[in-house]
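# Results of the structural survey
Here is what each chain is made of, one letter per residue.
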Amino acid sequence: MIGIENIASYIPLQRISNYERKEKFSITNEFIEEKIGVRQIALKANNEDASILCLKAFENLSKKCKINKDDIEALVVVTQNPDYNIPHCAAILHGMLGLKNSCAAFDISLGCSGFVYGLSVILSFMKCNEIKKALLFTSDPYSKIIDPNDKNTSLLFGDAAAVVLLSDTPIFTPMKFTFGTSGKNYEDLICKNGKLFMNGRAVFNFTAKVIPEDIRQLMNKNKIKKDDIDLFVFHQGSKIIVDTLGKKLEIPREKVIFNAQDFGNTVSSSIPIILEELLSKTEVKTILISGFGVGLSWSSTILKRI
């Protein structure tokens, strides 16, 4: 049985306060606290590229558990803002970590749905190739493409990275997955000429319409009832998005997590950052996770504690 053994994250210490930008963007405390839900965003240092963020997440993982690097047989990085267009970020990180040459290393180009997609990809890869230990990284430093004068993006996105150790001695294993794509709407969240553009209203409407139905299909697919799920971990797109999903699905408020107040929407890292805190909470047996965004794309699954 292959699944999640451990998780660690790295969130840069530097912050930009949204309260200090209220006048610039003509926003209120209510907008910050109830709509986007982000009081401040995390900002990487100039020398912290995607691979460095991953490296620091790995260093934090190494403090939690002993890792024999010779045991790592696959390394996957989920990013759409790598160090370079060529080579892939996973190759750079492979060299930084000093992993063996027989270790597979590749990137997955996905954004907000990337962690859930990446989890399915790497677990399938491991099972197909009889791999017992692998690393799944998420690192998407959006500060590289954010226009600081764009209210729709600069108030929302923060920098971070996470790493998941997958092995044959897991704490959580996933059930069946769901996936989806609305490619005709790709321009609603797009990087053009090096700058990110987001049609916030369109992305919100997409999420509110598509994701609740996907969650219902996921529960039917796995033959599990809503009441049997301890916690729902949605991609931390914004507070209003997370709150809306909870209301549409009629989930008790205490079962829906929002934790991006002090670092922002960290794209593919938002879900594993939450899961890191939940690993040690043994009373949490079943977690539904759902990622959605760039593409427009989405993916969901249910994690069961072993």
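Residues numbered from 1 in each chain as written. Predicted model: local features only at pLDDT ≥ 70, side-chain atom pairs only at ≥ 80, totals over all residues. Heavy atoms only, no water.

## Comments concerning the pairing of strand S10 (residues 189-192)
So the rule is basically this: The criterion for strand pairing is that DSSP finds at least two bridges linking the strands in question. Starting at the N terminus, helices and strands are each numbered in turn, a helix being any DSSP run of H or I of at least four residues and a strand any DSSP run of E of at least two.
Looking at chain direction, S10 and strand S11 (residues 195-198) are connected through four bridges and run antiparallel. Within the sheet, the bridge partner assigned to Leu189 lies in S11 and is Met198. If you look at the hairpin formed by S10 and S11, you'll find two residues sitting between the two strands, and Asn193 has a positive phi there, around 55 degrees.

## Overview of the packing of helix H3 (residues 50-64) against helix H4 (residues 89-97)
For any two helices packed against each other, the geometry comes down to the angle between their axes and how far apart the axes lie. The test is simple: An axis is simply a line fitted to the C-alpha atoms; with a helix, the fit covers only the stretch in contact. Between two such axes, the angle follows the N-to-C directions and lies from 0 to 180 degrees. Here the angle decides the label: under 35 degrees means roughly parallel, over 145 means roughly antiparallel, 65 to 115 means roughly perpendicular, and every other value means oblique. Here a crossing is called left-handed whenever its near helix is offset anticlockwise from the far helix by less than a right angle, and right-handed whenever the offset is clockwise. Note on contacts: a residue pair is in contact if any heavy atoms of the two residues lie within 4.5 Å.
It is at 9 Å that the axes of H3 and H4 come closest, and there the two elements cross at 45 degrees. With respect to their mutual orientation, H3 and H4 come out oblique. At the point where H3 passes H4, the crossing takes the right-handed sense. Facing H3, whose interface residues are Ala50, Ser51, Ile52, Cys54, Leu55 and Phe58, H4 presents Cys89, Ile92, Leu93, Met96 and Leu97.

## Observations regarding H3
This is how it is decided: Helix span, as expected, comes to 1.5 Å for every residue beyond the first. Burial classes: relative accessible area under 20% of the type maximum marks a residue as buried, over 50% as exposed, and values in between as partly exposed (1.4 Å probe, protein chains only).
Look at H3: 22 Å from first C-alpha to last across 15 residues, which is about the 21 Å you get at 1.5 Å a residue. Those residues of H3 lying buried are Ala50, Ser51, Leu53, Cys54, Leu55, Ala57, Phe58 and Leu61. The secondary structure elements touched by the buried residues of H3 are strand S1 (3-10), strand S4 (74-78), H4, strand S6 (133-139) and strand S7 (161-167).

## Points about the packing of aromatic side chains
Rule in force here: The criterion for an aromatic pair is that two Phe, Tyr or Trp rings (for Trp, the six-membered ring) have centres within 6.5 Å, with stacked assigned to planes under 30 degrees apart, edge-to-face to planes over 60 apart and tilted to the rest. Two conditions define a charge sitting above a ring: the NZ of Lys or the CZ of Arg must be within 6 Å of the ring centre, and it must be within 35 degrees of the ring normal.
Inspection of every chain in the model, using the stated rule, returns six aromatic pairs. Their ring planes at 40 degrees and their centres at 4.9 Å tell us that Tyr142 and Phe157 sit as a pair that is tilted. In this pair, Tyr142 sits in the loop between S6 and helix H6 (151-154) while Phe157 sits in the loop between H6 and S7, placing the two residues 15 residues apart along the sequence. Each member of the pair Tyr142 and Phe157 is classed as buried. For the pair Phe232 and Phe234, a centre-to-centre distance of 6.3 Å together with 35 degrees between the ring planes defines the contact as tilted. Accessibility classification places Phe232 together with Phe234 in one group, the buried group. Joined through ring pairs, the aromatic side chains of Tyr117, Phe177 and Phe179 make up one cluster. Looking at Lys151, its charged tip hangs above the ring of Phe31, at a distance of 5.1 Å from the centre.

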